[in-house]
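In case you want the letters, here they are:
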Amino acid sequence: MTTKTTCPIPPNMTPYQQVHSYAEIEEIMNSNEFYQGGTPERRVFLGDTVLMLDGPLHDERKREFSSLFSKAAMASYEGDLLEPVIAQVLEDLRSHRRADGSVHTDLIPLIRMMLFRISARIVGVDGVDTPEKTERFRKLVEALGEAATAQWSVGDKDAVLRAGKETLRQLVDEFLSPSLDRRRCLVARHEAGEIAREDLPRDVLTLICLNHDDVIPEDDPHYCYTWREAGFFLVASSQTSTHTLPHVLVHIAEWIKEHPEDAAKVNDPSFLRKAVGESLRLHQTSPVKLRVASKDITLSTGRRVAAGEMVALLAPPANLEPEIFGEDADRFNPYRQVAKGQQPWGLTFGKGAHMCCGRWLVTGLFNRTDDKTGTEGTMVKIVRTLYAHGVELDPDNPPKLITATYHDAYESVPIVLRNL
Ligand code: HEM
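Residues numbered from 1 in each chain as written. Predicted model: local features only at pLDDT ≥ 70, side-chain atom pairs only at ≥ 80, totals over all residues.

1. Some points on the site of the ligand
Stage number 1. Not every one of the 21 residues close to the ligand is listed here, only the nearest: T240, G350, H354, C356 and G358.
Stage number 2. Put simply, the parts of the chain that give the shell around the ligand at least two residues each are α9 (225-258) and α13 (359-363).
Stage number 3. At six residues, α9 tops the list of elements feeding residues into the shell around the ligand.
Stage number 4. The class makeup of the residues in the shell around the ligand is ten nonpolar, nine polar and two charged. (Near = placed C-beta within 6 Å. Helix = DSSP H or I, 4+ residues; strand = E, 2+ residues; numbered from the N terminus. Nonpolar A, V, L, I, M, F, W, Y, C, P; charged D, E, K, R; others polar.)

2. Points about the pairing of strand β7 (residues 310-313)
Stage number 1. Across three bridges, strand β1 (residues 17-19) lies against β7 in parallel orientation. Along β7, the bridge assignment pairs Q18 with A312.
Stage number 2. The sheet contact formed by strand β4 (residues 289-293) and β7 spans four bridges and is antiparallel. Looking across to β7, one finds that V292 is bridged to M310. (Pairing = 2+ DSSP bridges.)

3. A few points about the packing of helix α4 (residues 71-94) against helix α5 (residues 107-123)
Helix packing for two helices is described by the angle between their axes and how far apart those axes are.
Stage number 1. Across the interface, α4 lies against α5 with an axial gap of 9 Å and an inter-helix angle of 145°. Crossing hand, α4 versus α5: right-handed. Counted together, Y77, L81, L82, V85, I86 and V89 of α4 and L110, M113, M114, R117, I118 and R121 of α5 form the full contact between these two elements.
Stage number 2. The class makeup of the residues in the contact of α4 with α5 is ten nonpolar, no polar and two charged. (Axes fitted to C-alpha atoms, helices over the stretch in contact; angles between N-to-C directions. Left-handed = near helix turned anticlockwise from the far one by under 90°. Contact = placed C-beta atoms within 7 Å.)

4. Points about the environment of V413
Stage number 1. Note that V413 resides in the loop between β10 (410-412) and β11 (414-417).
Stage number 2. Distance in space between the C-alpha atoms of V413 and D394 is 8.1 Å, their sequence separation being 19 residues.
Stage number 3. The contact partners of V413, leaving out residues within four places of it in the chain, are D106, L107, I108, P246, L249 and P399.

5. Observations regarding the packing of helix α6 (residues 131-148) against helix α7 (residues 157-191)
Stage number 1. It is at 8 Å that the axes of α6 and α7 come closest, and there the two elements cross at 145°. Considering how the two elements wind past one another, α6 and α7 form a crossing that is left-handed. Here F137, L140, A143, L144, E146, A147 and A148 of α6 come into contact with α7, specifically with V160, L161, A163, G164, T167, L168, Q170, L171 and F175.
Stage number 2. When the residues that make up the contact of α6 with α7 are grouped by side-chain class, the tally is twelve nonpolar, three polar and one charged.

6. Topic: α6
Stage number 1. In a regular helix each residue adds 1.5 Å, so 18 residues correspond to 26 Å; α6 covers 26 Å between its end C-alpha atoms and thus fits that length.
Stage number 2. By the burial criterion, the buried members of α6 are T134, F137, L140, V141, L144, G145, E146, A147 and A148.
Stage number 3. Check the buried side of α6 and you find it contacts α2 (40-46), α5, α7 and α9. (Expected span 1.5 Å × (residues − 1). Buried ≥ 20, exposed ≤ 12 C-beta atoms within 10 Å, placed from the backbone.)

7. Some details on the sheet that holds β1
Stage number 1. Strand order in the open sheet formed by four strands is β1-β7-β4-β2, and the pairing between neighbours is mixed. The open sheet has two edge strands with one neighbour each: β1 and β2 (34-36). Across this sheet, the average inter-strand angle for adjacent strands is 40°, counted without regard to direction.

8. Section: the sheet that holds strand β8 (residues 391-393)
Strands belonging to one sheet form pairs held by backbone hydrogen bonds; the direction of such a pair is parallel or antiparallel.
Stage number 1. What the three strands build is an open sheet, ordered β3-β11-β8; its pairing is antiparallel. In this open sheet, the two strands that pair with only one neighbour each are β3 (103-106) and β8. Geometrically, the sheet is characterised by an average inter-axis angle of 30° between neighbouring strands, direction not taken into account.
Stage number 2. Packed onto the sheet, α5 meets β3 and β11 and runs at close to 80° relative to β3.

9. Observations regarding unusual backbone geometry
With the exception of glycine, most residues fall at negative phi, and the peptide bonds are largely trans.
Stage number 1. In this structure, D48 is a non-glycine residue whose phi angle is positive, near 60°.
Stage number 2. Residue position: D48 is located in the loop between α2 and α3 (55-64).
Stage number 3. Judged by local crowding, D48 falls into the partly exposed class, with 16 C-beta atoms found within 10 Å.
Stage number 4. Residue H212 is not a glycine yet carries a positive backbone phi of 55°.
Stage number 5. The topology assignment puts H212 in the loop between α8 (204-210) and α9.
Stage number 6. A residue is classified by how many C-beta atoms lie within 10 Å of it, and H212, with 9 of them, is exposed.

Here it is in structure tokens:
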């Protein structure tokens, strides 16, 4: 039998009322009487970003960034950015072939390398153009991701935050500040009538300049809204998939061990799409979502939440509810039939006002649009390419789960590419 999924709850969640049920979590996330929550550590790098705003300000900010998630933008991220990077990364690996022709590597940095260019384009980071700079950018974004999610760190959260501030300083000096300066010039020329709006870059930093939110305080130039929003988008667009995607390969390997008759299915895109949906459902990017009640509220189930009270929404166990996903909901099943109106990944991309803006980039615009702008999604594309090159988990080096945080993710997944 495939391994059962478990969802440990971080100990810093014990003071809060915990909500386990899918229906209640959906009701809270869809309600405009609850607003975004989080422990104080969450605000250090995410405060006043689109993720943390609520009400009309949040609507306004979401509209400001909506052009980044148009169908055309997503088709371009996948076709113009992801595909060439995947090809380049695989080409670079060819020089590491062993005598038998196989290549041994680790899936985690490989995925980051594949996704970095999309992250840089969405945010508007220039100069990520040599192998050295790419590696430096990748490491900085990875370290910032740890700091931005410090509320889930196992160890000394203050030390994680201190290291994160130093990382942000380096990211600003080496990449973000020069990129912002270029966009300020372009936007100034646009405002002087020299450049048309459609000729400006389409990215977070340009949109911040157009909105005149690019205020950099003189007394603390490394720590302000512009860098927090840029940092949030960098982390949201890369760390999430880096955490989830390895689960797909691990689940498929386990499934095929038990169902050898499905071995050839690894080259079937519809099987892979179902495997990605199941992996997303079983493994969420954060162990808990937090919301605060704006007034005394009684849910339709009778649960009461007092004004100002923060509730811990245990979305990972809710995604395993047999009433919604069937008797074997706590296990991976790529043949699962999901009820009409239900997404295969359940609560994984959130619900309501804060639902993930990047979900179609990850899961694809398959069947949602015409051939010109249809996409298969970053996760299926990467997984499909890896199987086309004979990927297997390294039999001598099992995957290792992250231990420094409560994220349901791997820190290392050694793989072998047999057919590169
Ligand atoms: C496996 C991939 C991903 C997962 C599982 C995921 C999950 C989530 C979740 C659960 C939220 C809502 C958090 C909350 O309600 O508190 C969210 C928000 C968001 N995500 Fe994603 N995400 C993924 C990839 C991406 C990508 C590729 C982008 C592209 C930039 C992105 C951009 C965003 C943005 C901008 C928000 C904020 C939306 C808002 O607060 O209104 N995400 N994501």
